Amino acid sequence: MKQQDTHGVKVLLVDDDASLLRLLALRLEGEGYAVTTCESAKDALKLFNSQSFDLVLSDLRMPGLDGLAFFDEVMVIDQTVPVILMTAHGTIEDAVEATQRGVAGFITKPIDHDELRAILNKHSSIGRAKLTDEWREALITQSHQMEQLLEQAYRVAQRHVSVLISGESGTGKELLAKAIHKASDRKDSPFVAINCGALPENLLESELFGHAKGAFTGAISEHMGLFREADGGTLFLDEIGDMPISLQVKLLRVLQEQQVRPVGSNKQININVRIISATHKDLREEMQEGNFREDLFYRLNVVNLSLPSLHERAEDIPLIARHLLKQSAEKHQLNITRFSDDAMQKLVTAKWPGNVRQLVNVIEQCVALTQTPIVSEHLVKQALFETEHAWPTLAEAKDAFEQRYLVKLLKMTEGNVTRAAELAARNRTDMHKLLKKHNLTAIDFRPQQANR
């Protein structure tokens, strides 16, 4: 593997032919691309897990993991990155299968450089545009996990698809929705937000779709509604999982027909609105329990972006805390410059069940109470809601990961310990010991009919 230290759009180039790899890398670098080369899909996946790329150009026929299998693995990590496949054995069937599965392009060898240039140019404009960061300035991070998420968010912003943002309360779902809006070609049109769990059903319907004059008692004038208010722009539906089933039906119809009918009116009004929704609930569980419509879920969940908790991105806490401290001190016109080392340590190791929203509140309280330029550990302790939950030790983190890994293995293999051991590259005896350590029983993961 060779990392090229150049600027521009980042391309991951994968081919088991070393001479072709060198030739293509030289050509692409000559056109300003930042090229990373790998001679196997396995090595490429290792890189893809640790850094982000704007484009992937991969051979189709390779020993071990082939191009289509590699594409599938890439999509698990980042479903928005364009993947272009190349092969000396190109057939119509290959091209059809590749495009049906979502591959961005397909090119045959020997490579026609004009054709390659055209297909790369088509998909690299996003990478070049990402170099400006105004759209995401409200999302402060140095976390690799967040950077990958923001890379995906930028790509999604360029496409006219619905986005579902999932994550715990307080993680910044509305901030991410606004960032997507700012990065899109709708940025000069309205961004309108509503919390679907904050209003009773009849008021939520009127707020979303509008109402005619006299539609109900108190409707003394026509109300436009948020869909029409957001026309040409973005409508953010926060806590979509709390929307009543009857309203879900009406929302689905609006999304399908791109028309809205105000309450008490028989007139359909055309709309052009991008929907970004958000939830802290597991909507798949809600569907199983009959609380959320499956057809609406798939209409909203074209692309899913999952925000990590603040605890999962603890490396961002110092950055965010210092930013919030400066912001709050300036707002209140106070001379407060920094946290003591002990205070910062307390912030970094806290559990943060309320995520960034809780951190904002903690900093505001510290600024309100401090009488010195330096925020003390005592004030941070006082402001934290749950000081007893410390950052896990490495051993605790490893155990937690191990248990999640074993549960996933048993689900994949339907409780077949031999197959699970093979996938984990462990022998059967070791696998049984690990299951016992984590109080897991293989039979619990077998299909119900097999347990009878």
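Residues numbered from 1 in each chain as written. Predicted model: local features only at pLDDT ≥ 70, side-chain atom pairs only at ≥ 80, totals over all residues. Heavy atoms only, no water.

1. Overview of the sheet that holds strand β9 (residues 234-238)
Ordered in space as β8-β9-β12-β7-β13, the five strands form an open sheet in which the pairing is parallel. Both edges of this open sheet fall to β8 (191-195) and β13 (303-306), since each of them pairs with a single strand only. The mean angle between the axes of side-by-side strands here comes to 20°, regardless of whether they run parallel or antiparallel. In this structure, β9 lies alongside strand β12 (residues 274-279), joined through four bridges in parallel fashion. Residue F236 lies in a different strand from β12, and its bridge partner there is I276. Contacts from helix α6 (residues 144-157) reach β7 (163-166), β12 and β13 within the one sheet, and its direction differs from that of β13 by about 150°. (Pairing = 2+ DSSP bridges. Helix = DSSP H or I, 4+ residues; strand = E, 2+ residues; numbered from the N terminus. Axes fitted to C-alpha atoms, helices over the stretch in contact; angles between N-to-C directions. Contact = heavy atoms within 4.5 Å.)

2. As for the pattern of salt bridges
Close approach of charged atoms allows side chains with opposite charge to pair. Following the criterion strictly, the structure yields 20 salt bridges and no others. Put simply, R155 and E151 hold a salt bridge, and the shortest N to O gap is 3.7 Å. Here R155 and its partner E151 are both found in helix α6, four residues apart, which amounts to about one turn of the helix. Judged by relative accessible area, R155 falls into the buried class, the value being 2%. The network of salt bridges with shared partners includes K10, D54, E151 and R155. (Salt bridge = Lys/Arg side-chain N within 4 Å of Asp/Glu carboxyl O. Buried < 20%, exposed > 50% of the residue type's maximum accessible area, 1.4 Å probe, protein only.)

3. Some details on the environment of R274
Secondary-structure assignment places R274 in strand β12. Using a relative accessible area of 6% as the deciding quantity, one classes R274 as buried. Aside from chain neighbours lying at most four places away, what touches R274 is V156, A157, R159, V161, V163, I180, S184, R186, G233, T234 and L235. Within the local environment of R274, its side chain forms a polar contact with the backbone oxygen of V156, the two atoms lying 2.9 Å apart. (Polar contact = N/O pair within 3.5 Å; in protein donor to acceptor, adjacent residues only side chain to side chain.)

4. Quick word on the nonpolar core
Most often, soluble globular proteins have nonpolar side chains that are buried together. Counting residues in hydrophobic clusters, the biggest one holds 30 residues, and the most contacted among them are L208, F227, L235, L237 and I240. Sorting the residues of this core by element identifies β8, α8 (201-209), α9 (226-229), β9, α10 (245-257), α11 (283-288) and α12 (294-300) as the ones contributing at least two each. With five residues, α10 is the single largest residue contributor to this core. Filtering out sequence-adjacent residues up to four positions away, I240 remains in contact with L164, C196, L251, S277, A278, T279, L283, F292 and L300. Among the nonpolar cores identified, the runner-up in size contains 26 residues, and I317, A321, I336 and L384 belong to it. (Core = buried A, V, L, I, M, F, W, Y, C linked by side-chain atoms within 4.5 Å.)

5. Topic: helix α1 (residues 18-30)
For α1, spanning 13 residues, the distance from its first C-alpha to its last is 18 Å, which sits close to the expected 18 Å at 1.5 Å a residue. For α1, every residue scored as buried is listed here: L20, L21, L24, A25 and L28. The arc that holds the buried residues of α1, viewed along the axis, is 130°, so those residues lie on one side. Seen from the open side of α1, the exposed residues pointing more than 90 degrees away from its buried face are R22, L26 and G30. Immediately downstream of α1, the backbone of G32 shows phi near 100°, a positive value. (Expected span 1.5 Å × (residues − 1). Arc of directions from axis to C-beta.)

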